[in-house]
Amino acid sequence: MDYIVALLPSLGTGLLFFIVIRALVNADRNERNALKRLEAESGKNARDDGSSVPSSS
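In every chain, residue numbers begin from 1 and rise along the written sequence. For a predicted model such as this one, the threshold for reporting local features is a pLDDT of at least 70, and the threshold for listing and counting side-chain atom pairs is 80 or more; totals across whole chains, interfaces and linings nevertheless cover every residue. Side-chain figures throughout are based on the complete set of non-hydrogen atoms in the structure, without hydrogens or water.

Student: Even after reading the chapter, I still don't get the overall build of the protein chain, so can you show me in this structure?
Tutor: Numbered from the N terminus, helices here are DSSP runs of H or I no shorter than four residues, and strands are runs of E no shorter than two. When its secondary structure is counted, the protein chain shows one helix and zero strands. Type-normalised accessible area, obtained with a 1.4 Å probe on protein chains alone, sets the label of each residue: buried when under 20%, exposed when over 50%, and partly exposed for intermediate values. Within the protein chain, the proportion of its 57 residues that are buried is 0%. Only the protein chains shown count as cover for residues, and the accessible areas themselves come from Shrake-Rupley with a 1.4 Å probe. On the protein chain, roughly 5,500 Å² of surface is accessible, and the fraction owed to carbon and sulfur atoms is 62%.

Printed below as a string of C-alpha cells:
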C-alpha cells in the first residue's frame, strides 16, 4: 500500500500535464481551422468582388 501512496503525486502530476498539453493541442488545432476558414472566406469574397489585388495608382 505504501508504494501506491508514493506514486500518487507523480501520477497526479502526469495526469495534469497530459490534460494541459491536450488542451493546448486542441486550441492550436481549432485556431488553425478557424484561420483556414477565414482565408477561404476572404479569398471567396475577393473573387466575388473581382478585385483580388487592389491597384495602387
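Student: So what exactly am I meant to see when it comes to helix α1 (residues 2–49) here?
Tutor: Because an α-helix completes one turn every 3.6 residues, residues spaced three or four positions apart along the sequence face the same direction. Working rule for helices: expected span equals 1.5 Å times residues minus one. Taking 1.5 Å per residue as the helical rise, α1 with its 48 residues ought to reach 70 Å, and the 71 Å between its terminal C-alpha atoms agrees with that figure. Each residue is assigned a bend, namely the angle between axes fitted to the seven residues that terminate at it and the seven residues that start at it. Considering bend angle alone, the principal kink of α1 is centred on leucine 8 and spans about 35°; proline proline 9 follows within four residues of it.

Student: Would you mind going over the pattern of salt bridges with me for this structure?
Tutor: For this analysis, a salt bridge means a side-chain nitrogen from Lys or Arg found within 4 Å of a carboxyl oxygen belonging to Asp or Glu. Evaluated as defined, the whole model comprises one salt bridge. The residue aspartate 28 makes a salt bridge to arginine 32 at a minimum N-O spacing of 3.0 Å. Of the two residues, aspartate 28 and arginine 32 both sit in helix α1, four residues apart, roughly one turn of that helix. The exposure class assigned to aspartate 28 is partly exposed, which follows from its relative accessible area of 34%. In this structure arginine 32 comes out as exposed when scored by relative accessible area, which is 54%.

Student: What's the story with a nonpolar patch on the surface in this structure? I'm lost.
Tutor: The grouping of Leu16, Phe17, Val20, Ile21, Leu24 and Val25 at the surface amounts to a nonpolar patch, some 570 Å² of accessible area in total. Within the secondary structure, leucine 24 is located in helix α1. Patches here: salt-bridge-free residues with over 30% relative accessible area, like charges joined within 9 Å, nonpolar side chains (Val, Leu, Ile, Met, Phe, Trp, Tyr) joined within 5 Å.

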